[in-house]
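The chain contents come next:
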Amino acid sequence: MTSRSDRASDGWFLVAAGEPLSGTVRVSGATKNAGLKQMAAALLTPGVTVLRNLDPVVDLDVMLEVMRAIGADVSWSGESELTIDATGPLVPEAPYELVTQLRASINVLGPLLARCGQARVAMPGGDNIGSRKLDMHFRGLETMGAELEVVHGFIEARCNRLCGARIVLEFPSVGATENLLTASVLAKGSSVIENAAREPEISDLAAFLNRMGARIFGAGTATIEVEGVESLRAVDNDVMGDRIEAGTLLMACGIAGGEITIEGTRLEHLDMVVRKLGDMGLAVAPAPEGLTARCEHRLRAVDVATLPYPGFATDFMPLVVALLATAEGSAIVTENVFDNRFGFVDELNRMGADVRNEGRHAVVRGVDHLSGAPVRAQDVRAGAALVLAGLAAEGETRVLDPHHVDRGYPDLAGKLQALGAPVRRMREGVGE
Ligand code: UD1
């Protein structure tokens, strides 16, 4: 199995423009946005959980270390299957060195409080897409009876058994909904989470918890009800397909043209992105195991505003800016979820794009063509956007700092190659 240090090794993506895309590709499991959360949820039960459809992306390697530091015995039991023995005893502490590498490690807070009655989790910092607060996580857990304080950079939380409560979120935060859901399943009495996040990854987490014996109703809607139970049992679970990877491949078809089939994803998880891409001129239709996409002409510019699910996902924003960079006409892109997600625009402009950003908005004027250049990935989706831009650029594009992309895409170059795109993941001293 590839080790973390191998995966994190630098290098670059080498991208060129090629023929229109064609062929069929299967998406990976949603390791980063669903799998990591289900790993944390496995801490709720003293038993052996098996999670399938996971890939050894860097973020999973970090989560693995977090889980081991807590006392869970975690190992790969198959190509994409992870076995988590959380029999314990657990040490309810997530160390600073790991939490700062992986924000999703904050997801152990809810399960540890529910199972151990205490947790000590390093405060994660901000990151390249803006400040990311935890106030809703804290307030929700306090409403359920936990006491929390930040001491020397650590969140120190304790409780007797958590009590079911009605929690109204100020904003449908994905992370807060997940932490409150995993905290409430073993609470005394019933909980209601209002204005809950509706992302498919929340429904996937709730389905997993229900298979463990939890009683969760309404996941995927804005009101989630949870009847607390006394205990959960360990089960096997298949993690959902990665809708963000699927959307990335759809966008690759939009930028390079062609006709492709994407398997392992569900069209309804991509409703809004498919609608926007349709307005831009990319035709998407359901297929037996996923969907097909066809793009025969240069795309048309369309305004885009990100919103929580089922709105246009913020993860797709950098990618759609790359598409709009060579579309016909001008568009305004508005980022409503994170406060600082346009850092990649300067890199795109180095390739000849005409994007002006001010605050939460960017004006993208489509140009006839981009020109390949060395550019730097700043976060996972921004890096993927630069790879896609390279597909529409004359000459060679090198996307440096590719480890950002590797965090969320197990094999972006391989997936694009399968569709005929000339993209290679070069490694220092190794070639590809
Ligand atoms: C998750 C996803 C990320 C996606 C995002 C929104 C993972 C690993 N990451 O991130 O890919 O882009 O959902 O769909 O699954 N906020 C607060 N207070 C809080 C919590 C959040 O103000 O207590 C703010 C954040 O600063 C941010 C916004 O709410 O501006 C959205 O955050 P959230 O939905 O929690 O995103 P994550 O769970 O961090």
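Residues numbered from 1 in each chain as written. Predicted model: local features only at pLDDT ≥ 70, side-chain atom pairs only at ≥ 80, totals over all residues. Heavy atoms only, no water.

A. View of the sheet that holds strand β10 (residues 166-168). As summarised here, the arrangement of the 4 strands in space is β10-β11-β13-β12, forming an open sheet in which the pairing is mixed. Two strands bound the open sheet, and with one partner strand each, they are β10 and β12 (215-217). Going across the sheet, the axis of each strand differs from the next one's by a mean of 15 degrees, ignoring polarity. Where strand β11 (residues 190-194) lies against strand β13 (residues 223-227), 5 bridges are found, and the strand directions are antiparallel. Bridge pairing in β13 places Val-192 opposite Glu-225. (Pairing = 2+ DSSP bridges. Helix = DSSP H or I, 4+ residues; strand = E, 2+ residues; numbered from the N terminus. Axes fitted to C-alpha atoms, helices over the stretch in contact; angles between N-to-C directions.)

B. Structural context of the domain arrangement of the protein chain. In terms of domains, the protein chain is made up of domain 1 (12-28 + 241-431) and domain 2 (31-238). The partner domain 2 presents 18 residues to the 24 residues of domain 1 that form the contact. On the domain 1 side of the contact with domain 2, Tyr-309, Phe-338 and Arg-407 bury the most area, a combined 32% of that side's loss. One salt bridge in this structure joins Asp-59 and Arg-407, with 2.9 Å as the shortest N-O distance. Inspection of the domain 1/domain 2 interface yields 3 residue pairs in polar contact (both at pLDDT 80 or more). (Domains from an automatic or database assignment. Contact = heavy atoms within 4.5 Å. Buried area = accessible area lost by both parts, 1.4 Å probe. Salt bridge = Lys/Arg side-chain N within 4 Å of Asp/Glu carboxyl O. Polar contact = N/O pair within 3.5 Å; in protein donor to acceptor, adjacent residues only side chain to side chain.)

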